[in-house]
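Inside the fold
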Amino acid sequence: MMTAHIERINIPLTSPLIIAALLFSTAACSNPSTVSPSNNKSTATESKEVSTSDNDAQTATQKDTSKPDFTTKAIATFDEPWAMTALPSTDGKAPKLLVTQKTGELFIVDTATGSKTQVAGIPKVAYGGQGGLGDIILAPNFATSNAVYISYVEAGTGNDSNKFGAKVIKATLSGLETATPTLQDITPIWQQSPKVTGQGHYSHRLLFSPDGQYLYISSGERQKKEPAQNMSMNLGKIIRLYADGSVPKDNPFVNDSNDIASQFWTMGNRNVLGIRFDESGRLWANEMGPKGGDEFNLIKKGKNYGWPIVSNGRNYSGTPIPDHDTRPDFEMPKITWTPVISPSSLSLYTAGSHNDFPALQGDFLISGLSSKALIVVSIDEDDSATERYRYDMGERVRSVLAVDGQVWALEDGDGGRLLRLLPK
């Protein structure tokens with residue numbers, strides 16, 4: 001079983017053999033893959049040019065095949081940043097971003113100046129391993145409510161004080177334009193059940209459906225494997241709720257005698273750290289595999305994605321796991337990766353008031369941890385997906401956000417930088 005600390009390792013790599021070994025052994029590794037890594041080399045310094053190579057996988061469609069080049073500009077720095085989302089921008093002004101740190105801090109970042117304003121009122125988080133303050137998204141009616149949804153890890157109480165689980169809350173972001181913003185009116189929405197030992201695989205990514213009606217939550221299997229197939233636990237699942245936390249009656253496993261199963265949209269998931277709708281309304285997710293088998297999945301109502309029964313990776317002990325193609329009753333991934341990319345977030349590029357990268361219109365952007373990469377994936381109308389480009393960013397990338405035609409990236413760890421990607 002992977003320890004909770006693997007994800008945070010940042011060892012200088014000095015040889016191709018070491019690089020290959022680490023990429024294969026850290027969280028989200030893979031065995032033979034449909035995708036090979038590029039040979040790009042860069043260091044992602046401020047106002048730095050990111051190099052490209054001709055060795056990238058090509059899209060199956062007839063899109064413009066010229067790989068966009070960009071430089072990066074550092075905007076601000078953080079200690080263990082985890083997630084970001086953009087506040088509504090007006091009059092073409094540079095956006096303000098909400099950025100979380102795992103240690104329990106939330107900041108409003110003015111991307112025009114790089115200034116950070118800390119938001120007070122964050123609940124106490126259980127920081128450690130892969131856990132702490134997690135995702136943040138705006139409520140669909142944010143323009144009138146100033147409501148946000150936040151995920152974080154909380155510890156149990158009493159005899160369960162050594163057990164942990166993810167929790168989702170709704171809160172009002174008050175004083176947004178002041179020097180002392182704060183979270184108020186905190187309302188619990190959902191939590192992982194049961195809390196368990198260990199501090200890994202919380203997932204706890206948040207996403208609203210395009211119509212704003214449904215809240216999707218990725219719930220990791222907490223490195224325990226079996227919960228992903230257990231109908232009495234909401235671990236190893238993707239959850240679908242209404243904005244108030246209630247359960248839609250058309251969820252696939254609605255059961256009057258099983259409130260937990262009624263929450264599920266899918267099951268058999270391992271550690272989903274990116275979920276996003278495409279322009280056609282299809283829901284996609286990236287998922288960390290075990291020792292191999294990182295996945296890019298089309299998420300379909302009621303489907304079982306097979307973990308831990310099947311995987312295109314192996315157990316950390318090296319023992320094999322049957323591949324997906326041995327069990328066609330489980331949903332198969334559209335892409336699997338070896339060597340590992342360690343996918344940590346997912347965003348969709350669409351033009352807005354800006355159109356910095358027109359060649360990427362409709363493509364997904366995936367941030368990579370151990371791969372230290374930004375991966376571009378194209379999707380087709382026939383539900384297929386292909387890695388199109390890969391950029392070596394020189395550092396572990398915790399999050400990527402495409403908003404209004406611009407692209408932002410967050411480096412992982414202490415001193416992680418918020419970068420703006422500037423087209424060349």
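Residues numbered from 1 in each chain as written. Predicted model: local features only at pLDDT ≥ 70, side-chain atom pairs only at ≥ 80, totals over all residues. Heavy atoms only, no water.

**Things to note about the overall build of the protein**
What counts here: Only DSSP runs of H or I reaching four residues or more are called helices, and only runs of E reaching two or more are called strands; each is numbered from the N terminus. Whether a residue is buried, partly exposed or exposed follows from its accessible area with a 1.4 Å probe, protein chains only, as a fraction of its type maximum: under 20%, in between, or over 50%, in that order. For every accessible area listed, the method is Shrake-Rupley and the probe measures 1.4 Å; residues are considered covered only by the protein chains on display.
Helix and strand counts for the protein come out as 2 helices and 25 strands. Within the protein, the fraction of its 424 residues that count as buried is 59%. Surface accessibility of the protein: about 16,300 Å² in total, with carbon and sulfur atoms responsible for 50%.

**Digging into the pattern of salt bridges**
Note the following rule: Just to be clear on terms, a salt bridge is a Lys or Arg side-chain nitrogen sitting within 4 Å of an Asp or Glu carboxyl oxygen.
Throughout the structure, instances matching the rule amount to 17 salt bridges. Across the pair K195 and E154 runs a salt bridge whose closest N-O atoms are separated by 2.9 Å. On the criterion of sequence distance, the pair formed by K195 in the loop between β10 (182-191) and β11 (203-208) and E154 in strand β8 (residues 147-155) is long-range, its members being 41 residues apart. With relative accessibility at 21%, the residue K195 sits in the partly exposed group. In this structure, D250 engages R240 in a salt bridge whose closest nitrogen and oxygen atoms are separated by 2.9 Å. Taken together, the positions of D250 in the loop between β13 (237-242) and β14 (264-267) and R240 in strand β13 put the pair 10 residues apart, joining distant regions of the chain. Taking the relative accessible area as the measure of exposure, D250 reaches 36% and is therefore partly exposed. One connected set of salt bridges, linked through shared partners, spans E154, K167 and K195.

**Details of the sheet that holds β11**
What counts, and what does not: Note on pairing: DSSP must find at least two bridges between two strands before they are called paired. Between the N-to-C directions of two axes lies an angle of 0 to 180 degrees, each axis being a line fitted to C-alpha atoms and, for a helix, fitted only over the stretch in contact.
Sheet architecture is open: 4 strands sit in the order β11-β12-β13-β14, paired in antiparallel fashion. The two strands at the open ends of the sheet, each matched to only one other strand, are β11 and β14. Taking the axes of each pair of neighbouring strands and ignoring which way they run, one obtains an average angle of 15° across the sheet. The pairing of strand β12 (residues 214-219) with β13 spans 6 bridges and is antiparallel. Bridged to L215 within β13 is L241.

**Considerations on empty space enclosed by the protein**
Which entries qualify depends on this criterion: Note on definitions: the grid is 1 Å and covers protein atoms alone; a cavity is a set of points where a 1.4 Å probe fits but cannot get out; a pocket is an open set with protein on both sides within 12 Å along at least five of seven lines; lining residues have an atom within 4 Å of a point. Grid points are joined across faces, edges and corners, and a volume is the space filled by probe spheres set on the points. Polar here means any residue outside two lists: the nonpolar Ala, Val, Leu, Ile, Met, Phe, Trp, Tyr, Cys and Pro, and the charged Asp, Glu, Lys and Arg; Gly therefore counts as polar.
Applying the stated criterion across every chain yields a total of 3 cavities of 30 Å³ or more. Volume-wise, the second largest cavity comes out at about 50 Å³. Lining the second largest cavity are P68, F70, F357, L360, L365, L374, V376, Y391, V407 and L421. Looking at the lining of the second largest cavity, its residues break down into 10 nonpolar, no polar and no charged.

**With respect to the sheet that holds strand β9 (residues 164-174)**
Ordered by their spatial adjacency, 4 strands build an open sheet running β7-β8-β9-β10, and the pairing between neighbours is antiparallel. Edge strands, defined here as strands with exactly one partner in the open sheet, are β7 (133-138) and β10. Neighbour-to-neighbour, the strand axes of the sheet open up by a mean angle of 25°, direction not taken into account. Bridging between β8 and β9 involves 9 bridges; their strand directions are antiparallel. Across the sheet, the residue bridging to A147 is T172, located in β9.

**What about the packing of aromatic side chains?**
Just so we agree on the cut-off: Here the aromatic set is Phe, Tyr and Trp, taking the six-membered ring for Trp, and pairing holds for ring centres within 6.5 Å; pairs whose planes are under 30 degrees apart are stacked, those over 60 apart are edge-to-face, and all others are tilted. We count a charge as sitting over a ring when the NZ of a lysine or the CZ of an arginine lies within 6 Å of the ring centre and within 35 degrees of the ring normal.
In this structure the tally under the stated criterion is 12 aromatic pairs. Summarising the aromatic geometry, the rings of Y216 and W265 are spaced 6.0 Å apart at their centres and angled 85° between planes, so their arrangement reads as edge-to-face. Of this pair, Y216 sits in strand β12 while W265 sits in strand β14, and the two are 49 residues apart along the sequence. Residue classification places Y216 among the buried positions, given a relative accessible area of 5%. A relative accessible area of 11% places W265 in the buried class. Grouped by ring-pair contacts, the aromatic residues F70, Y349, F357 and Y391 constitute a single cluster. Here K67 stacks its cationic end above the ring of Y391, 4.5 Å away from the centre of that ring. The residue whose ring lies beneath R240 is Y214, and the NZ or CZ to ring-centre distance is 3.7 Å.

**Here we look at the layout of surface pockets**
Gaps left between atoms show up when a probe the size of a water molecule is rolled over them. The computed volume of the largest pocket comes to approximately 840 Å³. Sorting the residues of the lining of the largest pocket by element identifies β3 (81-86), β7, β11, β15 (272-277), β19 (343-348) and β23 (397-403) as the ones contributing at least two each. Classifying every residue of the lining of the largest pocket gives 20 nonpolar, 8 polar and 4 charged.

**Concerning the environment of F364**
As for its position among the elements, F364 is in strand β20 (residues 364-368). By relative accessible area, F364 is classed as buried at 0%. Through-space distance from the C-alpha of F364 to that of A402 is 9.2 Å; in sequence the pair is 38 residues apart.

**Overview of unusual backbone geometry**
Most peptide bonds take the trans form, and the phi angle of most residues other than glycine is negative. Put simply, W307 and P308 share a cis peptide bond, and its omega is 0°. Mapped onto the elements of the fold, P308 is located in the loop between β17 (294-299) and β18 (335-337). A cis amide bond, omega 0°, links T338 with the succeeding residue P339. Tracing the chain through its elements places P339 in the loop between β18 and β19. Even without a glycine there, the phi angle at D185 is positive, about 55°. For K372, which is not glycine, the phi dihedral falls at a positive 50°.

**Some details on the environment of F264**
Note the following rule: Note on definitions: a residue-residue contact is assigned when non-hydrogen atoms from the two residues lie within 4.5 Å.
With respect to the helices and strands, F264 occurs in strand β14. Judged by its relative accessible area of 0%, F264 is buried. Look past the residues within four positions of F264 in its chain and what remains in contact with it is N230, M231, M233, N234, K237, I238, I239, N251, P252 and F253.

None of this, on its own, says anything about what the molecule does.
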